[in-house]
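# Coordinates in review
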Amino acid sequence: MPMPEKLIFEYSHAGRGASDQWPRDPGPAALADLPAKLRRVRPPELPEVGELETVRHFTRLSQLNFSIDTHFYPLGSCTMKYNPKACNQYAMLPEFLARHPLAPETHGQGLLACLYELQEMLKEVTGMQSVALNPMAGAHGEFAGVAMIRAYHRARGDLKRNEIIVPEAAHGTNPATATMCGCAVREIPVDAQGDVELTALAAAVGPNTAGIMLTNPSTLGVFERHIGEVARIVHQAGGLLYYDGANLNAILGKVRPGDMGFDVIHMNLHKTFSTPHGGGGPGAGAVGVGARLAPFVPIPLVGKDGERYRWLTEADLPQSIGRLSAFMGNTGVLLRAYIYMRMLGREGMQRVGEYATLNANYLLARLQAAGFAAAYPQRRASHEFIVTLKRQARELNVTAMDFAKRLLDYGFHAPTTYFPLLVPECLLIEPTETESKDVLDAFVSAMSQIQKEAEQEPARVTSAPHTMPVRRLDDVRAARQLDLTWKPTAQS
Amino acid sequence: MAFIPHTEADVAAMLAAIGAAGIENLFDEIPPDLRVKSLAGVPPELNEMEIGRLMTERARTDGAPLSFIGAGAYEHHIPAAVWAITTRGEFYSAYTPYQAEASQGTLQLIYEFQTMIARLTGMEVANASMYDGASATAEAALMAVRANRKSKSARILVPSTLHPHYRRVALTTAANQGLKFEDLPYCTAEGITPAASLARYDGQDITALVIQQPNFFGRLEDVDALTDWAHARGALVIAVVNPTALALLKPPGQWGSRGADIAVGEGQPLGVPLCSGGPYFGFMTTRMEHVRQMPGRIVGRTLDVAGHPGFTLTLQAREQHIRRAKATSNICTNQGLLVTAATIYMSLMGAQGLARTAAAAHARTRELVAGLTRVPGVHLAFSGSYFHEAVLQLDRPVAPVLKSLSNRGILGGLDLSGYFPELGNALLVCATETKTSADIDRYRACLSEVIQAARAA
């Protein structure tokens, strides 16, 4: 078990510091012009530590983490695929890192060429007419998408349309985004096979419908087979279709959202295009739109005049919903996605969806053979699938959470648990295409072993994990006795 | 290829286990008319050596000019250890720390970050970060509307001296939620927002006042008077601050008699490279009484079942994955990797290193202003103290001057004529501790030549 690490503040000694990293002191005269009443009186209490202890502390902290580089992460809906090292290395070339966001276009033709080509490639793989790269996360892209839908209706003088329809299994960001855009949310059910209930949809749409937000394959891990009919119903009612790109990896190179009838899509570049999750960001949530929404895309975009690239701004897109970031979003992330897409090329792009789907269906078949119950056994898995442990919970009193925690002891990150909420005791499992058969087989063995433990020695499972830096944490205490910043007196 | 490790034998064995004849059969639920016909618009694959060569050429095209642009993104020295550790796979390729037991490294680091940012801003609590300074400002406005229960107007006063892109992002973000942003005029002689100019709002319902310090022009606002004015009228104060400057300037928690209510800012100066605008991170802090109105992830320290301390995401009942349509924001991520860099940066710098950085940057900017204003036709636009950057006025349009400078490998600052036409030929310049006296003299000499040549023409 890795040893817990004390806080950086606890290493602090008055007078110590990594002074080789500091600039030379210009002396007090340099600050003589600053009015005393605007000056800080007491310096902030930051740690006073040397370089070596800082390096050791943060290296040790890193070792308390699971990561793709160290562990298999079958996290459904999160697409934790390998992040190629070349993408990082070549996005961090010194000229790219040093370039100021407001530097002139003449000192940015190399960068702009990459971003322009990225826009073009994303248009091609999604079947969209225009792509804006600046949203900084999936939810940010969702925001841009719904804001564009509202701007579209408004520009047509169709002011009543303020309802967004979402299936009940949608990601939480979908309804939260609708609210942020000033829309009401209307949830519709899915049928026993995991498809949207068309009668419920037809009853829900009307003159107030702004649009529908859909993930396809859905969060249930199955392809929405009636997508053509869904598109027809929503479009006929005057609404637009929003594609939540969380599950784009499933269909990359096989089906394009634009061809399915979607008007707008956000892509999680940190999922499908393999930019790192970074322990919770930075992501990138590029948006693609069809012709109807093209005038409304968030600025800036990259345009091309002859052989020169330039930023497109309000002057080019007067109906744009506006700016979403101070500059050009998470540019360094965009470069990583660009490098990844160029390395894959058109052949590789098609293999992604194929092998992600092969891995998911293989893992599902093996887990079913080992006695685990699929939530939708009569359906093909997409790039992910749901196993339900309701039998284990009922008969053995061992829950999906217990399995998830015990998997950590076996060296596997837990799958997504308790999402989507409509499947009881569920594990949403997404292996991604970058994992080998050996890893998937080892995961099946671990699951079978945990099943055996649940039958013979359930306490071993329900009290897991046993080998992590901490045991299960008291979340209620965390929320009730808030300890959000370290205070020397609160030392434990 | 495509980072897919499967051998032919693997594929055959896997298909046999599934009971499918081929990979194509796995897509049999997708209507055939929807299947992709061609991806001709995507170029053929490149191997690692080929992409390396392409990217190196593109980077070289962009060059390495000598830059004096600030305007919300600042070139500072980044200690070597910062990114050497940040790019370790265990940080770089980790997921969001939902599975706390397997993410103690990231969670503890965020807790340390929250502590450092709260101390730097003089506020009680911080979240785990927002997308960038502009989006943090927009979210702060939305938060103020939730937190100020006495105010019904959703009116937010925004000085014209706020970064113009931040104002645009706030408009985009909050436009559909009924917030009303009202621009405050600034004094064109001094480049600040005089508290006296707010008198026309006396007696009105104002939800919050935004104050940027230093402001977009680099000028120092009278934050105490502005804060007290807002509080006396029941408005909250949203501070927008530069974290480097906070090593020397009064922190928002101490503005006026009660301190600011929400403090946000761009975290980029804390160890994050310029990189054409991102990824950066925004920070957000507030008083404990408003913590449940704060958007974004928050890490707390708690105990495990054995009574040992550990870290976990907390107050998740505010967030979209629990609250769905009633969440405080749709934000689900933070900018974890940048927070990692910033936490290491702040540890290495400490209060003393950060203060030296701020002082050295300020000294260089003063040296730059002194040098450039020796050039005939160039003078300082505003009276009064500035920090970190300053506005110059030229005797001729700025754009052609900047173009000539850039042809000589110097990025001379930001032309303000598009943003603030009333200021005439205004140029925002910045120098940090990364510039030497020789760099500044080179800029001065080139500017002098460019202006002389233009006069002669």
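Quick caveat, the model's predicted, so the values are computed rather than measured.

## Some points on the overall build of chain B
- Scanning chain B for helices and strands turns up 12 helices and 15 strands.
- Dimensions of chain B, computed from C-alpha atoms along their principal axes, come out at roughly 80 × 60 × 50 Å.
- Buried residues in chain B amount to 62% of all 457 residues.

## Let's talk about the interface of chain B and chain A
- Each partner contributes residues to the interface: chain B has 164 residues there, and chain A has 171 residues.
- Here the side of chain B that touches chain A takes 21 residues from helix H10 (residues 336-372) of chain B, the largest share from any one element.
- Across the side of chain B that touches chain A, the residue classes tally to 85 nonpolar, 54 polar and 25 charged.

## Section: the sheet that holds strand E2 (residues 163-167) of chain A
All names here are of chain A.
- With mixed pairing, the 7 strands of this open sheet are ordered in space as E1-E7-E6-E5-E4-E2-E3. Since the sheet does not close on itself, it has two edges, and those belong to strand E1 (130-132) and strand E3 (184-188), each with one partner. In this sheet, neighbouring strand axes are inclined to one another by 20° on average, regardless of whether the strands run parallel or antiparallel.
- As paired elements, strand E6 (residues 264-267) and strand E7 (residues 287-289) share 3 bridges and run antiparallel to each other. Residue His266 lies in a different strand from E7, and its bridge partner there is Val287.

## A closer look at the pairing of strand E10 (residues 309-313) of chain B
Residues and elements named next belong to chain B.
- Here E10 lies mainly inside the structure; 4 of its 5 residues are buried.
- Of the strand pairs in this sheet, strand E9 (residues 299-303) and E10 are connected by 5 bridges, and their pairing is antiparallel. Of the residues in E10, the one forming a bridge with Leu303 is Pro309.
- Counting the residues between successive antiparallel strands, the hairpin from E9 to E10 contains 5 residues, one of them, Gly307, with a positive phi of roughly 85°.

## Here we look at unusual backbone geometry
- Going from A:Phe419 to A:Pro420, the amide bond is cis rather than trans, its omega being -5°.
- Examined against the element boundaries, A:Pro420 turns out to sit in the loop between strand E12 (416-417) and strand E13 (426-429).
- In this structure, B:Pro214 follows B:Gln213 across a cis peptide bond, with omega equal to -15°.
- Tracing the chain through its elements places B:Pro214 in the loop between strand E5 (208-213) and helix H8 (223-232).
- One non-glycine residue, A:Glu425, lies in positive phi territory at about 45°.
- Relative to the helices and strands, A:Glu425 is located in the loop between E12 and E13.

## Describing the packing of H10(B) against helix H12 (residues 437-456) of chain B
Residue and element names in this part refer to chain B.
- Running from N to C, H10 and H12 cross one another at 25°; their axes reach a closest spacing of 9 Å. Our classification of the angle between H10 and H12 gives roughly parallel. Two packed elements cross with a definite hand, and for H10 against H12 that hand is right-handed. Every residue of H12 that contacts H10 at Arg364, Glu367, Leu368, Gly371 and Leu372 is listed here: Ser437, Ile440, Asp441, Arg444 and Leu447.
- Split into classes, the residues belonging to the contact of H10 with H12 amount to 4 nonpolar, 2 polar and 4 charged.

Reading the values: the criteria
Residues numbered from 1 in each chain as written. Chains lettered and ligands numbered in written order. Predicted model: local features only at pLDDT ≥ 70, side-chain atom pairs only at ≥ 80, totals over all residues. Helix = DSSP H or I, 4+ residues; strand = E, 2+ residues; numbered from the N terminus. Buried ≥ 20, exposed ≤ 12 C-beta atoms within 10 Å, placed from the backbone. Contact = placed C-beta atoms within 7 Å. Nonpolar A, V, L, I, M, F, W, Y, C, P; charged D, E, K, R; others polar. Pairing = 2+ DSSP bridges. Axes fitted to C-alpha atoms, helices over the stretch in contact; angles between N-to-C directions. Parallel < 35°, antiparallel > 145°, perpendicular 65-115°, else oblique. Left-handed = near helix turned anticlockwise from the far one by under 90°.

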